[in-house]
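As a plain string of letters, each chain reads:
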Amino acid sequence: MKPTDEEYTDSTYYDATVPNENAGSGQQTIESIHRSLQRFEWPDYLVFALMLLICIVIGILFGYRDHRKHKRRQKAARRDSEALDYLVGGRKMPIYPVAVSLVASWISGISLLGTSTEIYVYGTQYCYIVFAVIIMGFAMHHVFLPVFHELQITSAYEYLQRRFDQRMRLFGSILYTVACLLWMPIVIYVPALAFNQVTGLSVHVVTPIVCMICVFYTSIGGLKAVVWTDVIQSAITLLALLAVLIKGTYDVGGPMEVLKRNLAGDRLETPNWDPDPTLRHSIWIVLVGAPVWFCYGVSSSQDMIQRFLALPTLADARKALKGFIVGWIVVNVVFFLIGLLVYATYDHCDPLTTQLAKAKDQLLPLFVMQTFGAYHGMTGVFVAGIFSAALSSLSSALNALSAITLEDFCKPYCKQPLTERQISYIMRGSVLVYGVLSVLLSIVVEHLGTVMQLTMTLSSASGAPLFGLFVMGTLMPWVNGTGALYGGVTGLLVMLYTCFKAQYSIASGSRTFDTKPISVEACPYDFNVTISAIDESAFEQVEKSFYHMSYMYFTLFGTSVTCLTGTIISLLTKLRSGNKQPIDPKLLAPCIRRMQKSSALPAKFQAVPMTDSDKQGELSEPSPER
């Protein structure tokens, strides 16, 4: 699964209750403004319901078409043809919708709300992350895509079995599944919280309804339904963001006024060349740590790899990769601009200080309600956009977990080949089970409070060792199965400890980030700031440790630990056993193949022979000519 965004937290200290000096007796209060902003009229509900209805129709359409197709060719169809269509779209998906779906899968409601908040609170240093995405694209283009596409596998973790052994396939699948189960409830909860803010409707009502609709169209239509609903949902999200950007910029006074206020507020920043690894963001962190962070999310996540494998040729997969990079940059540039716009709107009345927004992730919903409150239907478009981003990520994860359940948890351990009916029940039943679990866990998320951030970070802790397994497999031919297993376990334990210590240091106040200046000198409403006494010890210099590194270095650090441990254990076991097992060149990156061209490698060799049930259960078709 993809890496999640950090929740933006910092400590603020006040020494007295500060009333608004400009407030008059006739001004509004915080409570009256909150009541006035909860205006979700019937046109808003109509827009929101229409978005959900479109998703349902698409799911039914593709489910019906696949059912008719398989019914017509039931006798002639080979085993697993339905699974091939359900999980990878028959490997015949067009490039454009897959590229859009890749972007939609990556961009969740957390990203939508969190990126603009990052700009508002910490400035534009984060914006240089676009260079990290480009670097990731080169790695995917030349290293990982050729390997996965040539093998024509369905589960990304089947590669680990072919390269190492059965243990590694199970280990990788479990890591991804646990990470998804920790991540999906938060993906659901964040937009439901925004919906609660604008309507007052309980998250316990919204979450199950929306999640079950997602489960329905995902289980009925498979990957085709997921991809095409992603296209529709992405259009809704982009429409909502552009409407917010255009209307908000007009209200402020135009682009130049937005730029002027952000310059005055010190939000616009040139690249920070300080090599200190404990900074939140710097150009070195972006160019060194962030590309590894992105590579994990794209190359080691089943939901992303599954889409690349749904394309007929490697050339098509590379085109989809380029489309994903361009689309990601475009969407995030819009996020960056909205962040600048939100600051330009609140540059002299910070809603976080006045408690008009009780949490940082409420900034954008608050801004939208104040901007579009008088325009019936527009708030509905924005809320539909947030839910569309969440549903895209959720449906992708559910479809990926369905593939892992079938390919990694069921087929390898079945003594007899599964029938078409059994395969269908497993694929669709697993979507339902994982969807219900997500709803139940989302109820728990509400009560976690600050632990929610800890949960998000711990879920991404599995990313470093998982990516390390694929790095060892494709780029380090000297690593064997035993070394990979010990390396993965070591990396996981180290990352769990590192992430826990990092989050604990933030929660305890020993780890803080410098925020940009704010002002409340021109607020048009009454407010009071609750004061807490200044704790002088909080300002004492804390000795920095390795877990104080930027969160973007975590994946690089964990991957390095995994690969180093794997190398040491592999060398020790080879010295003891003395045998050298050849590796199929197709399991290595093209650059490594060329380096070993002169060595005596067999033309075709499978590192781990597949069992008869594996061969019968394999979803791959003959590779088309490239």
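Report on the accompanying structure. Within any chain, residue numbers begin from 1 and follow the written order of that chain's sequence. The predicted origin of the model limits local features to residues at a pLDDT of at least 70 and limits the giving and counting of side-chain atom pairs to 80 or more, whereas totals for whole chains, interfaces and linings rest on all residues. No hydrogens and no water enter the side-chain calculation; it runs on all heavy atoms of the structure.

### Notes on the overall build of the chain
The cut-off we apply is this: The numbering of helices and of strands both runs from the N terminus, where a helix is a DSSP run of H or I of at least 4 residues and a strand a run of E of at least 2. Categorising residues by exposure relies on relative accessible area from a 1.4 Å probe, with only protein chains included: less than 20% of the type maximum marks a residue as buried, more than 50% marks it as exposed, and the intermediate range marks it as partly exposed. Only heavy atoms matter for contacts: two residues are in contact if any of them lie within 4.5 Å across the pair. Only the protein chains shown count as cover for residues, and the accessible areas themselves come from Shrake-Rupley with a 1.4 Å probe.
Along the backbone of the chain there are 22 helices and four strands. The 626 residues of the chain split such that 58% are buried. For the chain, the proportion of contacts with a sequence separation of at least 24, taken over those separated by at least 6, is 87%. Accessible surface for the chain amounts to roughly 25,900 Å². Of this, 64% is attributable to carbon and sulfur atoms.

### Here's the deal with the pattern of salt bridges
Two side chains carrying opposite charge are able to pair once their charged atoms lie near each other. Put simply, the rule is: We define a salt bridge as a contact between a side-chain nitrogen of Lys or Arg and a carboxyl oxygen of Asp or Glu at a distance within 4 Å.
Within this structure, the stated rule accounts for eleven salt bridges. Asp251 is the salt-bridge partner of Lys247, the closest N and O atoms lying 2.7 Å from each other. Residue Lys247 and its partner Asp251 are located together in helix α9 (residues 203-252), separated by four residues, close to a single helical turn. With a shortest N-O distance of 3.1 Å, Lys411 and Glu407 are connected by a salt bridge. Just as Lys411 is buried, Glu407 falls in that class too.

### Considerations on the packing of helix α4 (residues 95-106) against α9
Put simply, the rule is: Helix axes use the C-alpha atoms of the stretch in contact, all axes being lines fitted to C-alpha atoms, and the angles between their N-to-C directions lie in the range 0 to 180 degrees. Between 65 and 115 degrees an angle is taken as roughly perpendicular, under 35 as roughly parallel, over 145 as roughly antiparallel, and anywhere else as oblique. Crossings are sorted by hand: turned counterclockwise from the far helix by less than a right angle, the near helix makes the crossing left-handed, and turned clockwise it makes it right-handed. Side-chain classes are defined by residue name, with Ala, Val, Leu, Ile, Met, Phe, Trp, Tyr, Cys and Pro counting as nonpolar, Asp, Glu, Lys and Arg as charged, and the others, Gly among them, as polar.
At a minimum axis distance of 8 Å, the contact between α4 and α9 shows a crossing angle of 70°. Between α4 and α9, the angle falls in the class roughly perpendicular. Classified by chirality, the crossing of α9 by α4 is left-handed. Together, Pro97, Val98, Val100, Ser101, Ala104 and Ser105 of α4 and Val227, Trp228, Asp230, Val231 and Ser234 of α9 make up the contact between the two elements. Tallied by class, the residues present in the contact of α4 with α9 amount to seven nonpolar, three polar and one charged.

### Topic: the environment of Thr270
Locating Thr270 in the fold gives a position in the loop between α10 (255-264) and α11 (283-299). Look at Thr270 and you get exposed, because its relative accessible area is 63%. For the pair Thr270 and Thr124, spaced 146 residues apart in the sequence, the C-alpha separation amounts to 8.3 Å.

### Regarding the nonpolar core
This is how the line gets drawn: What we call a nonpolar core is a set of buried Ala, Val, Leu, Ile, Met, Phe, Trp, Tyr and Cys residues that are connected through their side-chain atoms within 4.5 Å.
Counting residues in each nonpolar core, the largest one holds 170 residues, and the members touching the most others are Ile129, Phe308 and Phe324. Top contributing element to this core by residue count: helix α13 (residues 314-345), with 17 residues. Here Phe324 is in contact with Ala99, Leu102, Val103, Trp106, Met136, Val298 and Met304, once residues within four sequence places are set aside.

### Brief notes about the environment of Val342
Among the secondary structure elements, Val342 is positioned in helix α13. For the pair formed by Val342 and Thr117, sequence separation is 225 residues and the distance between their alpha carbons is 8.6 Å. If near-sequence neighbours (up to four positions away) are discounted, Val342 is found in contact with Tyr120, Leu364 and Phe367.

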